[in-house]
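Now for the letters of each chain:
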Amino acid sequence: MEISTSSYKRCDVVKANGRVDSYTAPELEEVLNSVTGNGTYKIVFDMSNVDFMSSKGWWVLIETQKKCKRYNRGELVLYGIQDRIRESLDLVGMGSYFKIFDDLTAAVGSF
Amino acid sequence: MEISTSSYKRCDVVKANGRVDSYTAPELEEVLNSVTGNGTYKIVFDMSNVDFMSSKGWWVLIETQKKCKRYNRGELVLYGIQDRIRESLDLVGMGSYFKIFDDLTAAVGSF
Amino acid sequence: MPTAKFPARFESLEKISQFVVKAAREAGFDEAAVYAVDLAVDEACSNIIEHAYGGEGRGDIKCTCQIANNNLKIILRDQGRPFNPSSVAEPNFGAPLEELKPRGAGLFLMRKLMDEVDFEFEAGSGNVLTMVKHRSK
Amino acid sequence: MPTAKFPARFESLEKISQFVVKAAREAGFDEAAVYAVDLAVDEACSNIIEHAYGGEGRGDIKCTCQIANNNLKIILRDQGRPFNPSSVAEPNFGAPLEELKPRGAGLFLMRKLMDEVDFEFEAGSGNVLTMVKHRSK
Ligand SMILES: Nc1ncnc2c1ncn2[C@@H]1O[C@H](COP(=O)(O)OP(=O)(O)O)[C@@H](O)[C@H]1O
Ligand SMILES: Nc1ncnc2c1ncn2[C@@H]1O[C@H](COP(=O)(O)OP(=O)(O)O)[C@@H](O)[C@H]1O
C-alpha cells in the first residue's frame, strides 16, 4: 500500500493505493493521525485505487471520523470507493457514518 | 458552444465546450453575469473542452475577473486550457491576469 | 484440494488472499463472490493472528480450499487458543458515531459474506474454522 | 487558389474558420501554426463585421487562401469603410486589471500571429487585408 496526501485550501485529500488490511491499516492510521495532528479535520479519503479494505481499515476511518466531527470542526468523506468495497461497507453496517462522493472535485468542493 | 455550471460550497465551475468567438462570447458573458449576479465571485472557468478562444472571449473573462476581484471578494481562475490557446493568451499579454490550474480538483480546492 | 501453510503474521494476509482468490476464481465465482471470500478469509486470519495466537509470529495458519459442486469450502487451521464464537456479542452499528467501539466487525462480516461459518476445536489438531460459500449466492 | 464568400455575420466565423484551417493543413502547417492562422483570421473577420461594416448583415467577406512555397497567404476583402491601422494605439496589457479597456487585442494578435499583415483600400474593389504566414515560423 502507498499513501499520498494533497493539501488544498479547505481540506486534505489522502489517497491510498492497493490493499488496506491488518498489515497496512496502521500505516493509514499514522498518515491520518498526522493530518488531524496538523489541525486539518476536513479530509477526503480517496479510495479510487484501493482494491481491498478489511474491517481494520474501516475502524481506522471510523476513529478518524470521530476526531474530525468532534466540535463540528470537520468531516472525513470518501471518494472513489469501488462497488464491491462499498457493498462490504454497507454489509458491515458502517455505510451511514460516511458521505460518499463519485467525483473528487465534488468531494473537495463540499468543504 | 455549450455551457454548464456546477455549484460547490465555495465556488462555481463554469464549463464551456467548443468555440468561443464573437458569435458565442455573448452567451458566455450571460452565464458568467448570472453567476456573479447570484453573488458568486469565486469561479473556475473549465476550458478543457474549449478548442478555440478569440480575444472577445478573453475580454469576457477579463470583465468577469474585474467583478470577481473587486472588494477582494473572489477570483476567476482557469482550468484545462489547451496549449495552443494558452500560447495565444500569453501572446496577447493577458496571461498574467489569470491563475491557471492543470487539475480541476486543485482549482476548486484553491477556494 | 490445494493446501498451503503461512506464518501467522499480518504480512501473510496478502499471500493468503492470493491463494484463496485463485481458488475462488477456479470455482467459477463472479468477482463479487471472489471478493466476499477474499474478505471473509482476511478477517478470519486476522483474528487467528490477533486473538487465537495473541499476536504475530507464534505459529502458522494452514489454509485448504475445496471446490465441490457449487461450493467453495475454506478450512483454516491454527494452534492457538480455542474460541467460542457464541460468547461474542453482535456489534451495534446503529449507535451514534461517538459510541462505536472498534471491534466485532470481523466475525459479523464473515457470517454475512459466507453461507456457513463453523468453529471447532480438536484437542491435538487445534482450531478448525470451516467456511463455505455457495456459488449461487 | 480557393476563394469563398461569406455573409458578414458572426455566425459565419465558424465556417470561415473551417475554410482557412483546411487550407493551412493543406499547406503543411503544424497544429500550432494552423491555430495561429485560424485565430488571426477570426480576429480579422470579427473586426470587418464590427468595424468595417459597423455591424452584422451589411455585406460579405471574401476569403482567398494561396499556398505558395513555404507561405500561406490569406486575403480578406470587404466593402466596408476604409481603415488606417496606424491610427490604432497598441494595447497596454501591463496595466492593472481595473484599468484594462476591452479593445485593441485583435489587431495586436493578428500581427503577433502572422508574419505579414497589410491593409489596403482600393476604390471600387474595397478593403483588402492580406496576411501571410511562413511555414518555418
Ligand atoms: N479466532 C479467534 N480466536 C479467539 N478469539 C477470537 C477469534 N476470533 C474472534 N475472537 C474474539 O471475538 C471478538 C470479535 O471478533 P471480531 O468480530 O473479528 O472483532 P475484532 O477482532 O475486531 O475484535 C474478538 O474481539 C475476540 O475476542
Ligand atoms: N477592419 C477594420 N475596419 C475599421 N476599423 C477597424 C478594423 N479593424 C480594427 N479597426 C479599429 O481598430 C481598433 C482596434 O481593433 P482591435 O485591435 O481588433 O480591437 P477591438 O476590435 O477589440 O476594438 C478597433 O476598435 C477599430 O476602431
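Right, let's walk through the structure included here. Source: prediction; values computed, not measured.

1. What to know about the overall build of chain A
And step 1. Within chain A, the regular secondary structure consists of 4 helices and 5 strands.
And step 2. Listed N to C, the secondary structure of chain A is β-β-α-β-α-β-α-β-α in terms of helices and strands.
And step 3. The C-alpha radius of gyration of chain A comes to 13 Å, within 12% of the 13 Å expected for a compact globule of 111 residues.
And step 4. Overall, the C-alpha framework of chain A stretches about 30 × 25 × 25 Å when taken along its three principal axes.
And step 5. Residues classed as buried in chain A amount to 55% of the 111 residues present.
And step 6. Taking contacts inside chain A between residues at least 6 apart in sequence as the whole, the part at least 24 apart equals 66%.
And step 7. The averaged location of the 15 negative side-chain charges in chain A is 9 Å from the averaged location of its 14 positive side-chain charges.

2. Overview of the pairing of strand E1 (residues 2-7) of chain B
Residue and element names in this part refer to chain B.
And step 1. Here E1 runs beside strand E2 (residues 12-20); their pairing, made up of 6 bridges, is antiparallel. The residue bridging serine 6 from the neighbouring strand is valine 13, located in E2.
And step 2. Connecting E1 to the antiparallel partner E2 that follows it, the hairpin turn spans 4 residues.

3. What about the site of ligand 1?
And step 1. Lining the immediate environment of ligand 1, one finds Lys56 of chain A together with Asn47, His51, Ala52, Arg81, Phe83, Val88, Arg103, Gly104, Ala105, Gly106 and Leu107 of chain C.
And step 2. Flanking ligand 1 are residues from chains A and C.
And step 3. For ligand 1, an oxygen atom lies 2.8 Å from a polar atom in the side chain of histidine 51 of chain C.
And step 4. In the environment of ligand 1, an oxygen atom lies 2.8 Å from a nitrogen or oxygen atom belonging to the backbone of glycine 104 of chain C.
And step 5. In isolation ligand 1 exposes 530 Å². Once the protein is present, 86% of that is buried.
And step 6. Broken down by secondary-structure element, the contributors of at least two residues to the shell around ligand 1 are helix H2 (31-52) and helix H3 (105-113) of chain C.
And step 7. Taken together, the residues of the shell around ligand 1 sort by class into 5 nonpolar, 4 polar and 3 charged.

4. Quick word on the pattern of salt bridges
It is possible for side chains of opposite charge to pair when their charged atoms get near one another.
And step 1. Under the counting rule described, the total for this entry stands at 20 salt bridges over all chains.
And step 2. Residue arginine 84 of chain A is joined to glutamate 31 of chain C by a salt bridge in which the shortest nitrogen-to-oxygen separation is 3.9 Å. With arginine 84 of chain A in helix H3 (residues 83-92) and glutamate 31 of chain C in helix H2, this residue pair bridges two chains.
And step 3. Overlapping salt bridges, with partners in common, bring together Arg19 and Asp21 of chain A together with Asp42 of chain C in one network.

5. So, the interface of chain A and chain C
Bring the parts together and some accessible area is lost; that lost area is often taken as the interface size.
And step 1. Taken together, the contact pairs 26 residues of chain A with 30 residues of chain C.
And step 2. Note on chain A versus chain C: buried area summed over both sides is about 2,300 Å², and carbon and sulfur give 63% of it.
And step 3. Across the contact surface, chain A and chain C share 4 salt bridges.
And step 4. Two residues, arginine 19 of chain A and aspartate 42 of chain C, come together in a salt bridge whose shortest N-O distance is 2.9 Å.
And step 5. Taken together, the connections running from chain A to chain C amount to 9 residue pairs in polar contact (both at pLDDT 80 or more).
And step 6. Listed by contribution, the elements that provide at least two residues to the side of chain A that touches chain C are strand E3 (42-53), helix H2 (55-69) and H3 of chain A.

Conventions we followed
Residues numbered from 1 in each chain as written. Chains lettered and ligands numbered in written order. Predicted model: local features only at pLDDT ≥ 70, side-chain atom pairs only at ≥ 80, totals over all residues. Heavy atoms only, no water. Helix = DSSP H or I, 4+ residues; strand = E, 2+ residues; numbered from the N terminus. Rg over C-alpha atoms; globule rule 2.2 N^0.38 Å. Buried < 20%, exposed > 50% of the residue type's maximum accessible area, 1.4 Å probe, protein only. Contact = heavy atoms within 4.5 Å. Lys, Arg positive; Asp, Glu negative; His and termini not counted. Charge placed at Lys NZ, Arg CZ, Asp CG, Glu CD. Pairing = 2+ DSSP bridges. Near = heavy atom within 4 Å. Polar contact = N/O pair within 3.5 Å; in protein donor to acceptor, adjacent residues only side chain to side chain. Areas by Shrake-Rupley, 256 points an atom, 1.4 Å probe, with all protein chains shown as cover. Nonpolar A, V, L, I, M, F, W, Y, C, P; charged D, E, K, R; others polar. Salt bridge = Lys/Arg side-chain N within 4 Å of Asp/Glu carboxyl O. Buried area = accessible area lost by both parts, 1.4 Å probe.

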